[in-house]
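# Coordinate analysis (summary)
Given next are the chains, with one letter for each unit.
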Amino acid sequence: NAGVTQTPKFQVLKTGQSMTLQCAQDMNHNSMYWYRQDPGMGLRLIYYSASEGTTDKGEVPNGYNVSRLNKREFSLRLESAAPSQTSVYFCASSPLGHYEQYFGPGTRLTVT
Amino acid sequence: TQLLEQSPQFLSIQEGENLTVYCNSSSVFSSLQWYRQEPGEGPVLLVTVVTGGEVKKLKRLTFQFGDARKDSSLHITAAQTGDTGLYLCAGRNAGGTSYGKLTFGQGTILTVHP
């Protein structure tokens with residue numbers, strides 16, 4: 001039981017490049033989330049998926065897109081990376097109706 | 001947008017000391033969670049408090065949810081070096097749906113020196 005896994009762990013992009021961050025969970029959770037973490041700003045929600053087949057914008061969705069591929073997988077895409085998107089990205093999941101969220105180990109992204 | 005103000009932002013203490021971290025808002029939350037995060041890892045849930053006035057203890061850690069469900073505190077007794085890390089509070093919006101969208105505080109970086 002791996003919990004929430006994220007790939008890659010580290011990534012460096014040039015401005016304008018695109019990439020997809022992958023996330024998978026093996027806990028049969030319904031809801032999944034993407035956050036970014038910047039110093040002094042806690043975790044900010046980018047997008048979330050309440051259940052398979054649905055996605056909604058969070059607090060900071062601009063510059064990102066998501067795909068809930070199936071119940072296990074939720075990917076985050078940067079179409080044209082910008083230096084402002086340099087951050088640590090966390091994927092999380094939670095069971096339907098439960099309070100707690102389970103986080104992956106994060107992806108550290110640098111955009112130059 | 002509901003906001004959670006966490007204080008202090010940084011805390012540096014000696015082993016054996018006590019400390020308290022605060023999480024405050026002008027908004028009501030249906031529940032509040034505390035997470036701990038170590039460098040290079042994702043946050044890990046410590047506790048969830050649901051009822052106004054609720055107090056939960058986890059070994060040397062005591063968590064309290066305010067009576068009005070707008071604030072919370074984390075108190076650590078006799079801190080140890082292993083307590084070092086980033087502590088985050090997160091509130092579940094009152095009236096929120098079952099998918100558990102959370103609002104996070106900015107975090108408190110705790111360093112416990114031997």
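Just above, that's the structure.
Throughout, residues of each chain are indexed from 1 in the direction in which the sequence is written. Chain labels run from A onward and ligand labels from 1 onward, assigned in the order the entries are written. Selection of residues for local features in this predicted model requires a pLDDT of at least 70, selection of side-chain atom pairs for listing and counting requires 80 or more, and totals for whole chains, interfaces and linings are taken over all residues. The basis for the side-chain values is all heavy atoms of the structure; hydrogens and waters are excluded.

### What to know about the sheet that holds strand 6 (residues 55–58) of chain B
All names here are of chain B.
- Across the sheet, five strands lie side by side as 1-3-8-7-6; this open sheet has antiparallel pairing. Sheet topology places strand 1 (5–7) and strand 6 at the edges, where each strand pairs with a single neighbour. Adjacent strand axes in the sheet meet at a mean angle of 15° when their direction is disregarded.
- For two strands to count as paired, DSSP must find a minimum of two bridges between them. Elements are defined by DSSP. Helices are runs of H or I of four residues or more, strands are runs of E of two residues or more, and each kind is numbered from the N terminus. The pairing of strand 6 with strand 7 (residues 61–65) spans four bridges and is classified as antiparallel. Bridging across to strand 7, Lys 57 finds its partner in Thr 62. The convention used is that axes are lines fitted to C-alpha atoms, helices contributing only their stretch in contact, and that angles between N-to-C directions extend from 0 to 180 degrees.

### Observations regarding the packing of aromatic side chains
- The pairing test for Phe, Tyr and Trp rings, Trp by its six-membered ring, is centres within 6.5 Å, and the orientation test on the planes gives stacked under 30 degrees, edge-to-face over 60, and tilted for anything in between. One pass over the structure, following the stated rule, counts seven aromatic pairs over all chains.
- For the pair Phe 103 of chain A and Phe 104 of chain B, a centre-to-centre distance of 6.2 Å together with 80° between the ring planes defines the contact as edge-to-face. Placement of Phe 103 of chain A in strand 10 (residues 102–103) and of Phe 104 of chain B in strand 10 (residues 102–104) is noted, with the two residues assigned to different chains. Take Phe 103 of chain A and Phe 104 of chain B: they sit in the same class, and that class is buried. Throughout this description, buried means an accessible area under 20% of the type-specific maximum (1.4 Å probe, protein chains only), exposed means over 50%, and partly exposed covers the range between.

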